[in-house]
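Descriptive structure summary
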Amino acid sequence: MKTYLYSTLILGTLLLGSCSSDGKKSVQNTDAPISVTVSRTTAGTEGSSATVSGKLVAKNSVDVSTRMMGYITSMKAEVGQNVTAGQLLVNINATDIQAKGGQANAQISQAQASYNIAKKDYERFQNLYKSQSASQKELDDMRARYEMAQAGLQAAQQMKNEVSAQYRYTNVTAPISGTITAKFAEQGDMASPGMPLLTIESSSSLQAQVLVSEQNIAMISNGMPVEVTLKSLNKTVSGTVSEISKSSAQTGGQYMVKINIHNASGLLPGMFVNVQFPFKSSGKINQSFQESMMIPKTALVENGQLTGVYVVSSQNTAVLRWLKTGKSLGDQVEVLSGLDPKESYIISSTGKLYNGAKVQIK
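Residues numbered from 1 in each chain as written. Predicted model: local features only at pLDDT ≥ 70, side-chain atom pairs only at ≥ 80, totals over all residues. Heavy atoms only, no water.

On to the overall build of the protein chain, then. Helix and strand content of the protein chain: four helices and 20 strands. Looking at the protein chain as a whole, 33% of its 362 residues qualify as buried. For the protein chain, contacts bridging at least 24 residues in sequence account for 73% of all contacts bridging at least 6. Total accessible area on the protein chain stands at roughly 21,700 Å², and carbon and sulfur atoms take up 51% of it. (Helix = DSSP H or I, 4+ residues; strand = E, 2+ residues; numbered from the N terminus. Buried < 20%, exposed > 50% of the residue type's maximum accessible area, 1.4 Å probe, protein only. Contact = heavy atoms within 4.5 Å. Areas by Shrake-Rupley, 256 points an atom, 1.4 Å probe, with all protein chains shown as cover.)

In structure tokens form, the structure reads like this:
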């Protein structure tokens with residue numbers, strides 16, 4: 001008897017739950033359709049693009065060095081400081097050059113005295129020769145002496161010019177206007193010829209440098225307009241391809257491409273960028289880019305590590321489709337799998353969507 005009552009209770013509970021579930025499902029099925037707006041994906045019928053990563057560099061970047069060896073007596077430069085062309089940055093001990101300058105002055109004085117005497121003797125013998133009081137050989141000897149003294153004076157003057165040129169390298173000035181981005185020496189250090197002391201970069205003129213694969217380098221040309229996206233600033237600027245490397249020997253099988261940035265305001269060298277190269281439809285376009293699909297991020301549904309989008313079934317119901325996504329570009333994301341080309345997907349709705357919800361396309 002107890003067993004019969006227990007079985008009866010279980011059966012009744014199941015029937016009640018079934019009725020409740022059926023009733024709920026019925027309510028759901030009888031809900032008014034949710035108005036939705038749909039869009040279609042494209043698979044490169046009008047063109048495709050490739051997106052590569054790189055960074056910004058200063059188009060004008062100079063390593064400041066000196067041709068002199070000596071101790072740095074003054075360093076008037078700090079990283080981050082803005083400088084103008086011709087501004088004094090570094091002083092190097094000039095004791096040796098000053099001594100050489102004194103020697104050059106003494107040699108000039110000596111050569112000048114010898115030149116003056118030789119010139120007067122030559123002019124005197126010219127007069128004597130005209131009055132037939134000196135022979136032709138004596139006149140020729142005086143001319144040779146005069147010319148040697150003249151050459152000696154010129155040599156001493158050139159030595160002075162060389163010392164003056166070396167002296168200028170003891171005062172290192174900024175070759176361009178820009179910002180000091182690196183500092184390799186301090187006051188008291190020994191400066192050597194060719195050793196970099198500072199790096200100056202001009203942020204007013206920036207370039208994006210990216211590496212492009214061999215499948216796409218043939219479709220990129222000088223002057224091609226591109227879009228440059230900076231994730232850190234959530235900003236997109238325009239650019240133009242200015243240089244294309246024709247060799248990948250030093251870049252791991254990829255080709256260096258440089259892009260001039262049109263509006264560099266607020267941008268800094270070293271920032272990472274994504275560059276989108278637009279390709280026109282042709283037989284040369286890589287098939288992988290023709291099949292790539294981009295959809296708005298606002299259409300995505302995220303659940304933990306899963307990402308999906310609602311599509312419209314043939315019964316006009318919403319179906320959640322899980323996707324595999326790729327790169328992001330601005331407010332768009334690439335769909336690698338899970339969505340067929342030209343398939344409609346829901347981008348907005350007037351109510352909350354769920355699997356099986358009736359929908360009405362606006």
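Turning our eyes to something else, we now look at the environment of Y255. In this structure, Y255 sits in strand β12 (residues 255-261). In this structure, the C-alpha to C-alpha distance between Y255 and I217, residues 38 residues apart in sequence, is 7.0 Å. Sequence-distant contacts of Y255, that is, excluding residues within four places in its chain, are made with V210, L211, V212, S213, E214, I217, S245, K246, S247 and S248.

Within the secondary structure, E343 sits in the loop between β18 (332-337) and β19 (344-349). Among the residues examined, E343 registers a relative accessible area of 17% and is labelled buried. Polar side-chain contacts of E343 include one of 3.0 Å to the backbone nitrogen of D340. (Polar contact = N/O pair within 3.5 Å; in protein donor to acceptor, adjacent residues only side chain to side chain.)

Take the packing of helix α2 (residues 95-130) against helix α3 (residues 136-168) next. The N-to-C vectors of α2 and α3 enclose an angle of 160°; their axes lie 8 Å apart at closest approach. One finds that α2 runs roughly antiparallel with respect to α3. The crossing of α2 and α3 is left-handed. Each residue belonging to the contact of α2 with α3 can be placed in one class, and the counts come to 19 nonpolar, twelve polar and seven charged. (Axes fitted to C-alpha atoms, helices over the stretch in contact; angles between N-to-C directions. Parallel < 35°, antiparallel > 145°, perpendicular 65-115°, else oblique. Left-handed = near helix turned anticlockwise from the far one by under 90°. Nonpolar A, V, L, I, M, F, W, Y, C, P; charged D, E, K, R; others polar.)

By the definition in use, this model includes eight salt bridges. Between E78 and K183 there is a salt bridge; the shortest N-O distance is 3.3 Å. Note that E78 is positioned in the loop between β3 (70-75) and β4 (82-83) and K183 in strand β7 (residues 178-183), a separation of 105 residues in sequence. D121 is the partner of R145 in a salt bridge, and the nearest nitrogen-oxygen pair spans 2.9 Å. A residue pair is termed long-range when its members are at least 10 positions apart, and R145 in helix α3 and D121 in helix α2 qualify at 24 residues. Assessed through its relative accessible area of 13%, D121 is described here as buried. (Salt bridge = Lys/Arg side-chain N within 4 Å of Asp/Glu carboxyl O.)

This paragraph deals with the packing of aromatic side chains. As enumerated under the stated definition, the model contains two aromatic pairs in all. With a centroid separation of 5.4 Å and an interplanar angle of 10°, the aromatic rings of Y122 and Y146 are classed as stacked. Of this pair, Y122 sits in helix α2 while Y146 sits in helix α3, and the two are 24 residues apart along the sequence. The pair formed by Y122 and Y146 is uniform in burial state, with each residue classed as buried. Members of the aromatic cluster, connected to one another through ring pairs, are Y115, Y122 and Y146. (Phe/Tyr/Trp six-rings, centres within 6.5 Å; stacked < 30°, edge-to-face > 60°.)

What follows is about unusual backbone geometry. At Q132, a position not held by glycine, the phi torsion is positive, near 60°. Turning to its location among the elements, Q132 is positioned in the loop between α2 and α3. The exposed category is assigned to Q132, whose relative accessible area is 75%. A positive phi angle, near 60°, is found at N316, a position not held by glycine. Along the polypeptide, N316 turns up in the loop between β16 (306-312) and β17 (318-329).

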